[in-house]
Amino acid sequence: MRSGAAAWAGRIRRVTAREWVVLAESAVFAIGLEVALRLLPLSTVLGAVQGRHVAGSPRPDRASLERIARLVRWPFTVLPFRATCLRIALVQVAVLRRRRVPATVRFGVQRRNGHELEFHAWADCDGAIDDQAGAAAYRAFEPVTPAAITRNARWLPPAAPPDAAA
Amino acid sequence: MPERADSNTSPRHASGAQAFAASPSVVFRQMDDGAVLLDLESGVYFGLDEVGTRVWTLLVEQKTPDAVCQVMLDEFDVDPGVLAEDVRRLVGELQQNGLLRTT
């Protein structure tokens with residue numbers, strides 16, 4: 001059986017020069033975002049990460065996106081930060097947007113055991129990228145606009161009183 | 001991820017004729033038994049039951065608390081005074097927690 005170190009050595013040997021760039025960027029973004037998240041509101045950090053204009057650029061194929069997203073996870077295995085879904089998603093989006101991919105951070109919620117709320121964040125580009133936590137199980141949050149509310153709201157009118165049916 | 005809000009402080013007074021809008025940092029998710037509001041500014045989430053969700057839905061359609069009460073009186077068998085007080089208190093709490101702002 002191969003040891004963990006040997007497996008890592010094998011993985012590292014397969015990393016191309018471009019992928020080393022992704023790894024380096026990911027490490028830098030991870031450190032920068034860790035500092036930013038401690039100093040700034042999440043909305044400000046999100047705005048900075050997603051603010052880069054990416055419209056009209058050719059998009060890499062799905063396999064390339066997923067490969068980049070997986071590479072982004074590597075630095076978190078050695079950096080002394082908690083590799084939360086939010087941190088990973090933020091770095092994935094930052095790295096992808098540097099490559100002009102219109103990725104966004106999505107937030108979702110699901111009920112666990114019927115009552116407890118569980119939250120998740122993931123990078124999204126026409127579907128979740130690097131979906132290790134099963135984003136499909138979560139109901140994605142939407143911006144609050146009257147149109148979004150109207151589209152999502154499910155409200156049953158009150159039942160007609162018994163004498164109304166006569 | 002966010003933790004549940006603890007809003008046990010007294011709400012700010014909300015005028016019944018004042019229109020409100022959701023804060024731009026708030027995102028919304030309808031659930032089977034209500035809704036969840038996530039404030040990306042603070043990272044705190046807030047749960048609404050079905051009635052609270054209805055109040056929120058009407059409020060962000062640019063309705064005033066008075067107009068919300070008018071709509072809900074047609075939907076619920078409730079004393080107008082009790083409804084007005086409940087709506088006023090909820091609006092105050094939403095405002096106090098930065099989820100709603102006046103327009």
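Notes on the structure in this doc start here.

**Focus on the overall build of chain B**
In step 1: Looking only at helices and strands, one finds three helices and five strands in chain B.
In step 2: Ordered by position from N to C terminus, the α and β elements of chain B give β-β-β-β-α-α-α-β.
In step 3: When each of the 103 residues of chain B is scored for burial, the buried share is 36%.
In step 4: Across chain B, every contact between residues at least 6 apart in sequence was considered, and the portion connecting residues at least 24 apart equals 59%.

**Overview of the sheet that holds strand β4 (residues 142-143) of chain A**
In step 1: Strand order in the open sheet formed by four strands is β4(A)-β2(B)-β3(B)-β4(B), and the pairing between neighbours is antiparallel. Both edges of this open sheet fall to β4 of chain A together with β4 (44-48) of chain B, since each of them pairs with a single strand only.
In step 2: Alignment of strand β3 (residues 34-39) of chain B against β4 of chain B, held across five bridges, turns out to be antiparallel. Bridge pairing in β4 of chain B links Asp39 of chain B to Val44 of chain B.
In step 3: In the packing of helix α1 (residues 50-60) of chain B onto the sheet, contacts are made with β3 and β4 of chain B, and the angle to β3 of chain B comes to roughly 60°.

Reading the values: rules and limits
Residues numbered from 1 in each chain as written. Chains lettered and ligands numbered in written order. Predicted model: local features only at pLDDT ≥ 70, side-chain atom pairs only at ≥ 80, totals over all residues. Helix = DSSP H or I, 4+ residues; strand = E, 2+ residues; numbered from the N terminus. Buried ≥ 20, exposed ≤ 12 C-beta atoms within 10 Å, placed from the backbone. Contact = placed C-beta atoms within 7 Å. Pairing = 2+ DSSP bridges. Axes fitted to C-alpha atoms, helices over the stretch in contact; angles between N-to-C directions.

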